[in-house]
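Working through the structure, step by step
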Protein chains: 2
Amino acid sequence: MSEHIVKAFDDDLMAVRAKISEMGGVAEEMLSGALKSLIERNAELASSVILLDKRLDALEIEVEEMATRIIALRQPMAQDLRLLISALKLSATIERIGDLSKSTARRGIQLSKTRPAGVIASVVRMGHQALGQLSSVLDAWARRDVEEAVAVWRRDVAIDETYNSLFREVLTYMMEDPRTISIGSQLLFIAKNIERIGDHTTHVAEMIHYVETGTPLAGARPKGEPAGLETE
Amino acid sequence: MSEHIVKAFDDDLMAVRAKISEMGGVAEEMLSGALKSLIERNAELASSVILLDKRLDALEIEVEEMATRIIALRQPMAQDLRLLISALKLSATIERIGDLSKSTARRGIQLSKTRPAGVIASVVRMGHQALGQLSSVLDAWARRDVEEAVAVWRRDVAIDETYNSLFREVLTYMMEDPRTISIGSQLLFIAKNIERIGDHTTHVAEMIHYVETGTPLAGARPKGEPAGLETE
């Protein structure tokens, strides 16, 4: 290949990497906005989070088109092909994080007229754990930092543990006052959304490992003891 | 390309298609087993469903490796490249259907000592709706039947509607007897799993449309009125 073509190819790959980072930034903004809207019972902010999802959907299609076009035109091999194939999966994973943030914002709107402040604060604390993980994994993606990706992957166990104790807290809240059952069920689903965001963050970490090293992240990820509370 | 190479390439693509069908068959078996274990309160059957998930995980990796290898070796274009790229997404989607079936089986084990027969029957009825949709979409995949895929896609609205009424039924059940709150919360998550399986089935339908026609399924999918019950 001529130097010119190699340069153009590198630019293509960099553009895919940047587009994934852009998606990650939108997902971060959505999760952070959803959590803020929960604490502030701010339906307007929640609505703006919901709108951002369209941006994420459009970016996912862009990544797919970019990766498909580059594969067809440049016939990449080895790490380059790994990157492009992982980009397809990464964009789907980040889009899903956006969906779960949107769902959290929507459910938050339904809670915005009520005031179960204590439990909501616990849910939002868990959300900030997940947001911290998401930020770290996106940093690892941008810096191609495998070590940081593995650290994020290992830390997900803490979110699973928080989820399990939060699940019990919400059930107790519902049992103490059955009028809160409807609100409580929304809170259970919000907690579940956040737990899932944590899982998807580990998928991003796994893909970083695979792109950079060519090998899957070995061994089973440490998981929080489910204690009868199925977290899948 | 020589006739020999063309034939080998066609065989490769057929093998990917068959591997996706095989994954679909395992996912169907898992969902069907999970529903049967719920009705029969059969923890042994539920455990066998959980074990099947490992098979699905292994198949997903096989599909990924096959698709990546074919892309690298054969440099496919147009519909062939679309098929291979969609195979990566399809395998992830079907694997997710397996995860949700596994989660349903696990939660079923926790319910197996209790007897909220009426509500469980409603949940399982909804499960059979989703199972029917899954079978139809897998048929559409095997027969490359775009029309059937679109029909499946349109019918998902019925599952959303069932989910919404079931959600209310479970909440009522919990409110009538707060001792059932813990069981009820498991049932809410099982219902949610099934609703998500319905969504993933529509994603399979969308990918069939894309592979066969080269265009995305246009327009927003009809969705059940959420009635304050966020279904995302």
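As shown above, the structure is provided for reference.
We now turn to the structure provided with this report.

Cut-offs used in this document
Residue numbers run consecutively from 1 along every chain, following the written order of its sequence. Written order determines the labels here, with chains lettered from A and ligands numbered from 1. Totals for whole chains, interfaces and linings use every residue, but because this is a predicted model, local features are given only for residues with pLDDT of at least 70 and side-chain atom pairs only at 80 or more, for both listing and counting. Computation of side-chain values covers all heavy atoms of the structure but excludes hydrogens and water. The copies were overlaid with a least-squares fit restricted to C-alpha atoms from residues scoring a pLDDT of at least 70 in each copy. Contact definition: two residues touch when any of their heavy atoms are within 4.5 Å. Two parts placed together each lose some accessible area; with a 1.4 Å probe, that loss summed over both constitutes the buried area. We define a salt bridge as a contact between a side-chain nitrogen of Lys or Arg and a carboxyl oxygen of Asp or Glu at a distance within 4 Å. We define a polar contact as two N or O atoms separated by no more than 3.5 Å, with the added condition that, inside protein, one atom must be a possible hydrogen donor and the other a possible acceptor, whereas residues neighbouring each other in sequence contribute only through side-chain atom pairs. Note on aromatic contacts: the rings of Phe and Tyr and the six-membered ring of Trp form a pair at centre separations within 6.5 Å, being stacked when their planes are under 30 degrees apart, edge-to-face when over 60 apart, and tilted otherwise. Throughout this description, the term charge over a ring refers to an Arg CZ or Lys NZ atom that lies within 6 Å of the ring centre and within 35 degrees of the ring normal.

Okay, the relation of the copies chain B and chain A next. Note on the chain copies: they are related by a rotation about an axis and a translation along it. When chain B is brought onto chain A, the operation consists of a screw motion whose angular component is 180° and whose axial shift is 0.0 Å, with 0.0 Å RMSD remaining. Expressed as an axis order, the relation between the two copies is that of a two-fold axis. Both copies present the same face, since 100% of the interface residues in chain B are matched by interface residues at the equivalent positions in chain A.

Contact with chain B, which involves 34 residues of that partner, is made by 36 residues of chain A. Contact between chain B and chain A buries roughly 3400 Å² in total, counting both sides, with carbon and sulfur atoms accounting for 65%. Where chain B meets chain A, there are 2 salt bridges. Close ionic contact of Glu64(B) with Lys89(A) constitutes a salt bridge, the shortest N to O distance being 2.7 Å. There are 2 residue pairs in polar contact (both at pLDDT 80 or more) connecting chain B and chain A.

Moving on: the packing of aromatic side chains. Using the criterion set out here, one finds 5 aromatic pairs over all chains in the structure. The rings of Tyr163(A), Phe167(A), Phe189(A), Tyr163(B), Phe167(B) and Phe189(B) are connected pair by pair, giving a single aromatic cluster. Here the guanidinium or amino end of Arg17(B) rests over the ring plane of Trp141(B), the centre of that ring lying 5.0 Å away. Positioned above the aromatic ring of Tyr210(B), the side-chain terminus of Arg82(B) is 5.8 Å from the ring centre.

Honestly, it's all geometry; don't read function into it.
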